[in-house]
Amino acid sequence: MGETENHHHHPPPPQAAAPPAAPPSLALSRGPTWTPAEQLHQLQYCIHSNPSWPQALLLAFQHYIVNLGTTVLIASNIVPLMGGTHGDKARVIQALLFMSSINTLLQTLIGSRLPTVMGASIAYTLPLFSIINDYNDEDFASPHDRFVHSMRTIQGSMIVSSFLNIILGYGRAWGELTRFFSPIVVVPVVCLVGLGLFARGFPLLGNCVEIGLPMLILLMICQQYLKRIHSRAHLILERFALLLCIGIVWAFAAILTVSGAYNNVKPATKQSCRTDRSFLMSSAPWIKIPYPFQWGTPIFRASHVFGMLGAALVSSAESTGTFFAAARLSGATAPPAHVLSRSIGLQGIGMLLEGLFGSLVGTTASVENVGLLGLTHIGSRRVVQISTAFMIFFSIFGKFGAFFASIPLPIFAAIYCILLGIVAASGITFIQFANSNSMRNIYVLGVSLFLGLSIPQYFVTSRTFDGHGPVRTNAVWFNDILNTIFSSHATVAIIVGTLLDNTLEANHVEDRGIPWWKPFQHSKGDVRTEEFYSYPLRINEYLPSRFL
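All of these numbers come straight from a predicted model, not from anything done at the bench.

What counts as what
All residue numbers refer to positions counted from 1 along the written sequence of the respective chain. Reporting in this predicted model follows two pLDDT cut-offs: at least 70 for local features of residues, and 80 or more for side-chain atom pairs to be given and counted; totals over whole chains, interfaces and linings ignore these cut-offs and use all residues. Side-chain figures throughout are based on the complete set of non-hydrogen atoms in the structure, without hydrogens or water. Note on conventions: DSSP H or I runs of at least 4 residues are helices, E runs of at least 2 residues are strands, and numbering of each starts at the N terminus. For every residue, the accessible area obtained with a 1.4 Å probe (protein chains only) is divided by the maximum for its type, and the residue is called buried under 20%, exposed over 50%, and partly exposed between those limits. Every residue pair with non-hydrogen atoms within 4.5 Å of one another is taken to be in contact. Surface accessibility in these figures is a Shrake-Rupley result with a 1.4 Å probe; residues are shielded only by whichever protein chains are displayed. Positive charges come from Lys and Arg alone, negative charges from Asp and Glu alone, with His and the N- and C-terminal ends not counted. Think of each charge as sitting on NZ of Lys, CZ of Arg, CG of Asp or CD of Glu. Residues grouped as a nonpolar core are buried Ala, Val, Leu, Ile, Met, Phe, Trp, Tyr and Cys residues, joined through side-chain atoms within 4.5 Å. Cysteine sulfur atoms are paired as a disulfide whenever they fall within 2.5 Å. Aromatic contacts are taken between Phe, Tyr and Trp rings whose centres are within 6.5 Å, Trp giving its six-membered ring; a plane angle under 30 degrees counts as stacked, one over 60 as edge-to-face, and the others as tilted. By definition here, a salt bridge exists when the distance from a side-chain nitrogen of Lys or Arg to a carboxyl oxygen of Asp or Glu is within 4 Å. Like charges are joined within 9 Å and nonpolar side chains (Val, Leu, Ile, Met, Phe, Trp, Tyr) within 5 Å, but only among residues with over 30% relative accessible area and no salt bridge; these make up the patches.

1. With respect to the overall build of the chain
Part 1: Looking only at helices and strands, one finds 24 helices and 2 strands in the chain.
Part 2: In terms of its C-alpha atoms, the chain occupies a principal-axis envelope of roughly 140 × 55 × 50 Å.
Part 3: Counting the 548 residues in the chain, one finds 54% classified as buried.
Part 4: Considering only contacts within the chain whose residues lie at least 6 apart along the sequence, 85% involve residues at least 24 apart.
Part 5: Counting only carbon and sulfur atoms, one obtains 66% of the accessible surface of the chain, whose full area is about 23,900 Å².
Part 6: Computing the positive centroid from 33 side-chain charges and the negative centroid from 26, the chain places the two 10 Å apart.

2. Here's the deal with the nonpolar core
Part 1: Within the largest apolar cluster, 127 residues are counted, with the highest numbers of intra-cluster contacts made by Tyr 64, Ile 154, Phe 324 and Leu 360.
Part 2: Counting 7 residues, the second-largest nonpolar core is a separate cluster that includes Ala 56, Phe 240, Val 383 and Ile 386.

3. So, the state of the cysteines
Part 1: All chains considered together, the criterion is met by 1 disulfide.
Part 2: A disulfide bridge connects Cys 208 with Cys 273, and the sulfur atoms are separated by 2.1 Å. Across the S-S bond of Cys 208 and Cys 273 the torsion is about 125 degrees, and the bridge reads as right-handed. Here Cys 208, found in the loop between helix 8 (202-205) and helix 9 (209-225), pairs with Cys 273, found in helix 11 (residues 267-273); they are 65 residues apart in sequence, far enough to count as distant.
Part 3: Cys 208 sits in the buried class, given a relative accessible area of 1%.
Part 4: By relative accessible area, Cys 273 is classed as buried at 0%.
Part 5: Cys 191 takes part in no disulfide bond, and the closest cysteine sulfur to it belongs to Cys 417, at a distance of 17 Å.

4. Quick word on helix 15 (residues 367-376)
Part 1: Helix 15 sits mainly inside the fold: 10 of its 10 residues count as buried.
Part 2: Of the positions making up helix 15, those classed as buried are Val 367, Glu 368, Asn 369, Val 370, Gly 371, Leu 372, Leu 373, Gly 374, Leu 375 and Thr 376.
Part 3: His 377 lies just past helix 15 and shows a positive phi near 65 degrees.

5. Remarks on the packing of aromatic side chains
Part 1: One pass over the structure, following the stated rule, counts 29 aromatic pairs.
Part 2: Consider the rings of Trp 250 and Phe 403, whose centres lie 5.0 Å apart with planes at 50 degrees: the pair is tilted. Highlighted residues: Trp 250 in helix 10 (residues 231-258) and Phe 403 in helix 17 (residues 398-405), separated in sequence by 153 residues.
Part 3: Judged by relative accessible area, which is 42%, Phe 403 ranks as partly exposed.

6. Focus: the pattern of salt bridges
Part 1: In this structure the tally under the stated criterion is 9 salt bridges.
Part 2: For the salt bridge of Arg 301 with Glu 138, the shortest nitrogen-to-oxygen distance reads 3.6 Å. Of this pair, Arg 301 sits in the loop between helix 12 (280-283) and helix 13 (302-329) while Glu 138 sits in the loop between helix 4 (125-136) and helix 5 (143-170), and the two are 163 residues apart along the sequence.
Part 3: Look at Glu 138 and you get partly exposed, because its relative accessible area is 34%.
Part 4: Here Arg 528 ties to Asp 526 by a salt bridge, and the two come within 2.9 Å at their closest N and O atoms.
Part 5: What you see here is one network of salt bridges that share partners, running through Glu 38, Asp 526 and Arg 528.

7. Details of the side chain of Ser 330
Part 1: With respect to the secondary-structure elements, Ser 330 resides in the loop between helix 13 and helix 14 (337-357).
Part 2: Classification of Ser 330 by relative accessible area gives buried; the value is 0%.
Part 3: Leaving out residues up to four positions away in the same chain, Ser 330 has contacts with Leu 43, Cys 46, Ile 47, Leu 114, Pro 115 and Gly 379.

8. Concerning the environment of Arg 200
Part 1: If you trace the backbone, Arg 200 turns up in the loop between helix 7 (183-195) and helix 8.
Part 2: Judged by its relative accessible area of 9%, Arg 200 falls in the buried class.
Part 3: The sequence separation of Arg 200 and Phe 98 amounts to 102 residues, and the corresponding C-alpha distance is 23 Å.
Part 4: Setting aside residues no more than four positions away along its own chain, Arg 200 makes contact with Thr 70, Leu 73, Ile 122, Glu 368, Ala 413 and Tyr 416.

9. Let's talk about unusual backbone geometry
Part 1: With a phi close to 70 degrees, Arg 113 is a non-glycine residue in the positive phi region.
Part 2: Note on placement: Arg 113 falls in the loop between helix 3 (86-110) and strand 1 (118-120).
Part 3: Residue Arg 113 is classed as buried on the basis of its relative accessible area, which comes to 8%.

10. Let's talk about a nonpolar patch on the surface
Part 1: A contiguous nonpolar patch, built from Phe 202, Val 209, Leu 213, Ile 217, Ile 221, Tyr 225, Leu 226 and Ile 229 and spanning about 720 Å² of accessible area, is present on the exposed surface.
Part 2: Tallying contributions element by element places helix 9 first for the nonpolar patch, with 5 residues.
Part 3: Topologically, Val 209 is positioned in helix 9.

Structure (structure tokens):
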């Protein structure tokens with residue numbers, strides 16, 4: 001019959017499916033996230049703020065004590081091999097401390113301007129072994145004559161090789177090299193500046209566990225846990241727990257020594273545990289001012305000069321990594337390229353002075369003292385400058401300096417276990433400025449860190465007792481250069497990291513952290529550069545712009 005009006009009605013078109021809901025953000029579900037921070041905000045005093053004078057003096061004395069450990073360690077290991085007496089060792093320690101004070105003061109005034117102590121560098125060990133081996137085969141009237149002859153040769157080698165750092169620094173070449181860095185390179189370099197010194201930690205502590213282990217545990221408890229008891233205790237223990245713990249454990253070691261606990265033990269145990277085995281108190285002069293050519297006229301030998309060049313290069317690389325850590329732990333921004341250049345150039349001038357004054361080794365930025373900035377939360381430049389007064393005083397008045405130099409080395413090793421770890425961890429924080437989720441960055445970081453640990457470990461373990469490394473050609477100077485360079489963790493990290501980071505393609509420059517890094521490559525790239533790194537007392541007005 002008749003058709004209804006709905007007979008020709010068309011169904012509505014199907015609606016498009018709703019897009020799938022985005023998965024919930026894991027960051028939101030797990031709590032807040034932290035944006036990258038160029039400066040640490042937990043510091044109580046940053047690079048240009050200063051604690052009260054009484055506190056500054058105690059903090060400066062801590063820096064002197066921490067630097068003393070490495071100085072005594074190097075002198076104790078090297079001087080006897082050269083034929084030196086206990087008196088010679090005391091004079092060497094005095095010279096090392098004196099030059100450390102001069103170079104620290106220069107660096108904090110007209111160098112990096114960072115609160116870094118310039119301490120004795122272990123990178124010079126291999127060139128020293130070559131000098132020692134050469135003179136072992138020669139006849140001398142006495143072992144002391146052999147020691148003096150070795151010191152004169154070290155002086156000549158350091159004087160000539162110092163010009164490498166002067167040219168690299170003031171020629172701006174070192175700063176140009178750092179322009180190839182990125183946060184991806186800085187991470188392994190700074191990490192390995194700390195981790196590369198692991199042999200100074202528990203392996204050295206293990207030489208006298210009954211002294212070193214209590215020091216390590218006591219320092220952790222006092223500095224991190226007991227400070228919570230009271231607000232005043234928090235202030236004292238956080239800043240001065242290191243001095244307190246050294247005093248307690250040092251007294252404990254002295255009691256063990258006097259009571260005869262180490263009378264019937266191995267000679268190595270006596271050397272590590274007893275407080276009277278340094279023989280510095282009896283042999284150090286009351287007053288002795290280091291002076292130029294105190295060992296005699298320098299001796300220049302081409303083979304030893306070339307060998308020392310490798311050590312000069314390594315000390316520059318290690319100082320660079322330490323400067324980045326110092327900037328981080330003192331509240332400054334990353335050091336610009338021109339600041340790194342002038343600091344390495346000044347380090348070369350310091351090495352020239354060390355050669356003139358007869359220092360055993362050159363200096364580099366002290367990693368353990370930078371760790372002390374993080375431990376105390378005080379990155380004041382003035383504190384480090386005051387510490388140079390203690391170094392000068394105890395380097396001139398030998399008996400007083402010898403008293404503190406009698407602290408057993410395992411106590412210093414326990415301190416280094418914490419301080420070097422803080423520096424290594426500060427290197428990890430630079431990854432926040434790059435893409436840590438990039439597989440390309442993970443590759444660069446992983447390979448740089450592993451090879452930076454593995455290659456030097458091979459060179460160290462393959463070294464013979466007399467200092468010969470795995471590279472053994474007829475050219476001793478060539479062997480020294482390569483063995484020294486590839487025994488340095490930070491240097492290997494710079495080589496591998498810079499090569500990979502600048503040759504492997506990245507999806508975006510942001511992945512490498514270049515937008516954050518680039519402003520620090522120019523003197524006017526960041527408005528804070530002038531605040532942290534400018535010369536004091538309007539020195540800028542009297543220097544050519546190429547040195548600024």
